[in-house]
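Observations on chain architecture
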Amino acid sequence: MKKKVLAAVMAATVLALSLTGCGSTSSTQSKTPGSAAGSTAASGSAAGSTAASGKAEFAMISGTTTPDAHPYNLGLKKMGELVKQKTNGAVTLDVFGNSQLGSERDLLEGLQLGSVQVTCVSTAPLAGFTDSFLVFDLPFIFETTEQARAVMDSDVGSEILHSVDDQGMVGLAWFENGFRNVTNNKQPINTPDDLKGMKIRTMENQMHMAAFQAMGADPTPMAMGDVFTALQQGTIDGEENPIPIVNTNKFAEVQKYISLTGHLFSPAPVFIAKDYYDSMPEDYQKAVQEAATEAAPYERQQIDEQNVSGLEDLKSDGMQANEPEKAPFKKATASIYDEYVKDGSGMVSPDIYNKVEEIVKAHPVTSSSSSADTSSAGAATSSAK
Ligand code: EAX
């Protein structure tokens, strides 16, 4: 079904592209990748409004792997409202969640192929495209959301976000997914030992797999759209994700334990396809950029709120939550730093790593930053105790 939608979108795009190939290249002409794909995809269920797409000069579609209620989609919807306002309806953005347009890898490739105009993804699957985001795949690099946000909003954060132009993607803003936690069906995870032999789904990222291996688990990479069924059928014992993902995907129906390990923090870049963006007049480009920038704090606020309310929901849906000491997990995964922070392909650039560490050190964990930090894994448990 998902594959069919994607195939239809791509077929429409190819057709539209071949038609414009013989037509004019006027900049006022509706950009066919967006409008063609938009009208095809509009038969699916968009989380955003499709009302203006018919008239829009640039009717963009965005895809994510998350349920409609997840902050990615709420943030993209907000971005769509803002860009529509700023351009009097000339630029619109429809939002297709739930992996309707494919996995995160499909969506990134979709930007390159022109079948999707906008996406918001975790940084982990970008490992297949560039090394610049790998610093975020180091376990326990951040202890607080404040540190992670300081890095995303810094010069090095912006350098990373804008490092994929040559891959056909323009970074617009840093949304976020948040601190990741382990869920499973066997037992609460209090120490790395408790993960021994457990089949844990990870994202398709070598460093994440290496970290879970180092903790004794059996990491199983898989696209997000397949996880619920795999948990339900018991082909995996668990998975790891931020609370808002676990809750909006209703994993409580198929998982008994959530352990607030906070082992990784997932930032979530918003990208627009470069060819498409380049084809827009400058004032529309500016409106798109501003809309994304303005939607980011809103998206992050949704993450903060859902980190707290989501845990309450999971518990009332029968999940058991615990918050383990982080030190043994840090120790178990320390080897990842030795293995991956070095020059070379597939490695974390020492230069980027040092810049990130400097920012982290400038934002030390204080009693107020940890207790007031409503979006860190830690605060989410303490508020739920
Ligand atoms: O980016 O695949 C994942 O586990 C991600 O956290 C999710 O798709 C959102």
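Relevant structure appears above.
Our focus in this paragraph is the site of the ligand. With respect to spatial proximity, the complete set of residues near the ligand consists of Thr65, Thr66, Tyr72, Glu104, Ser122, Asn177, Arg180, Arg201, Met203, Met224, Asn241 and Ile245. Arg180 has a polar side-chain atom sitting 2.9 Å from an oxygen atom of the ligand. At 2.7 Å, a side-chain N or O of Arg201 approaches an oxygen atom of the ligand. Protein chains shield 99% of the accessible area of the ligand, which is 260 Å² for the free molecule. Taken together, the residues that form the shell around the ligand break down as 4 nonpolar, 5 polar and 3 charged.

Taken as a whole, helix H7 (residues 206-214) has its buried residues at Met207, His208, Ala210, Ala211 and Phe212. The inward-facing, buried residues of H7 contact strand E5 (181-184), strand E6 (199-202), strand E7 (218-221), strand E8 (238-241), helix H12 (327-333) and helix H13 (335-340). Of the residues that open H7, the one with a side-chain oxygen 2.9 Å from the backbone nitrogen of Met207 is Asn205. Following H7 by one or two positions, Gly216 has its phi on the positive side, about 95°.

This part takes up the sheet that holds strand E9 (residues 257-259). Spatially, the 6 strands line up as an open sheet ordered E7-E6-E8-E5-E9-E11, and their pairing is mixed. Both edges of this open sheet fall to E7 and strand E11 (320-322), since each of them pairs with a single strand only. Between one strand axis and the next, the sheet turns through 25° on average, direction left out of account. The pairing of E9 with E11 spans 3 bridges and is classified as parallel. Each bridged residue has a counterpart across the sheet, and for Ser259 the counterpart in E11 is Asn322.

With that out of the way, let us pick up the pairing of strand E10 (residues 265-273). Counted residue by residue, E10 has 9 buried out of 9 residues, so it is predominantly covered. Side-chain alternation along E10 places Phe265, Pro267, Pro269, Phe271 and Ala273 on one buried face and Ser266, Ala268, Val270 and Ile272 on a second face that is also buried. Bridge analysis of strand E3 (residues 118-120) against E10 gives 3 bridges, and the strand direction is antiparallel. By the bridge assignment, Cys120 is partnered in E10 with Val270.

Here we take up the sheet that holds E3. Strand order in the open sheet formed by 5 strands is E2-E1-E3-E10-E4, with mixed pairing between adjacent strands. Edge positions in the open sheet fall to strand E2 (91-96) and strand E4 (169-179), since each of these has one partner strand only. Pairwise comparison of adjacent strand axes, ignoring direction, gives a mean angle of 20° for this sheet. In terms of strand pairing, strand E1 (residues 58-63) meets E3 through 2 bridges, oriented parallel. Paired with Ser62 across the strands is Val118, a residue of E3. Helix H3 (residues 71-86) contacts E1, E2, E3, E4 and E10 of the sheet and is inclined by roughly 165° relative to E2.

Definitions and limits used
Residues numbered from 1 in each chain as written. Predicted model: local features only at pLDDT ≥ 70, side-chain atom pairs only at ≥ 80, totals over all residues. Heavy atoms only, no water. Near = heavy atom within 4 Å. Polar contact = N/O pair within 3.5 Å; in protein donor to acceptor, adjacent residues only side chain to side chain. Areas by Shrake-Rupley, 256 points an atom, 1.4 Å probe, with all protein chains shown as cover. Nonpolar A, V, L, I, M, F, W, Y, C, P; charged D, E, K, R; others polar. Buried < 20%, exposed > 50% of the residue type's maximum accessible area, 1.4 Å probe, protein only. Helix = DSSP H or I, 4+ residues; strand = E, 2+ residues; numbered from the N terminus. Contact = heavy atoms within 4.5 Å. Pairing = 2+ DSSP bridges. Axes fitted to C-alpha atoms, helices over the stretch in contact; angles between N-to-C directions.

Purely geometric numbers; function is a separate question.
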